[in-house]
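Understanding the architecture of this molecule
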Amino acid sequence: LKLVFVPTSLEAAPALAMKFSAVVLGVAAIAGTAPALKQDPCAGCDEGLALAYQMCAREHGDPCTELNGVGILSSGPGTKKDVGCCMKKEKHDRCLQCKSMDCAFKTCNVNKQYYSERTLVMEAKTKTKEAYESHDAKAMKAAGWGA
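The structure presented is a predicted model; accordingly, all values stated were derived computationally and were not measured. (Residues numbered from 1 in each chain as written. Predicted model: local features only at pLDDT ≥ 70, side-chain atom pairs only at ≥ 80, totals over all residues. Heavy atoms only, no water.)

1. Quick look at unusual backbone geometry
One non-glycine residue with positive phi stands out, namely Y115, at about 65°. Along the polypeptide, Y115 turns up in the loop between α3 (83–99) and α4 (117–125). On the basis of relative accessibility, which here comes to 34%, the residue Y115 falls in the partly exposed class. (Helix = DSSP H or I, 4+ residues; strand = E, 2+ residues; numbered from the N terminus. Buried < 20%, exposed > 50% of the residue type's maximum accessible area, 1.4 Å probe, protein only.)

Have a look at this one:
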């Protein structure tokens, strides 16, 4: 393949050559950094994924279970119960692994609250001033403070 540029005038030839070289350098720079780009296996670990996983688990149990040609569970190769739900289950399992990773010095992007957001909120509600008022009043009365 040979590229031939036909300039419309003598002044256009250097400008056209510069544009072409800039495009070639830009493409080479992008292609050179492409292998450095990596997917983050811990990305997307949010409440939406947890909800989607729970809906799949409710409907299919283990959606990655292999079925044989007659639709009976088999230990050998076959077809998955539900491929989309199986992918959600695998992503959910990966997110649980990511949640337990120890990322010192912020070396990874992990949602440490994945699959426990609601539990953490309920635990935090037990540690408010209102939650302690009744406990504190009883403790103070038992210690002889107040009337």
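2. Section: the packing of aromatic side chains
With the rule as written, the count across this model stands at two aromatic pairs. Pairing Y53 with Y115 gives two aromatic rings, centres 6.4 Å apart and planes at 65°, and the pair type is edge-to-face. Linking Y53 in helix α2 (residues 47–60) with Y115 in the loop between α3 and α4, this pair joins segments that are 62 residues apart in sequence. Here the aromatic cluster, defined as three or more aromatic residues joined through ring pairs, consists of Y53, Y114 and Y115. (Phe/Tyr/Trp six-rings, centres within 6.5 Å; stacked < 30°, edge-to-face > 60°.)

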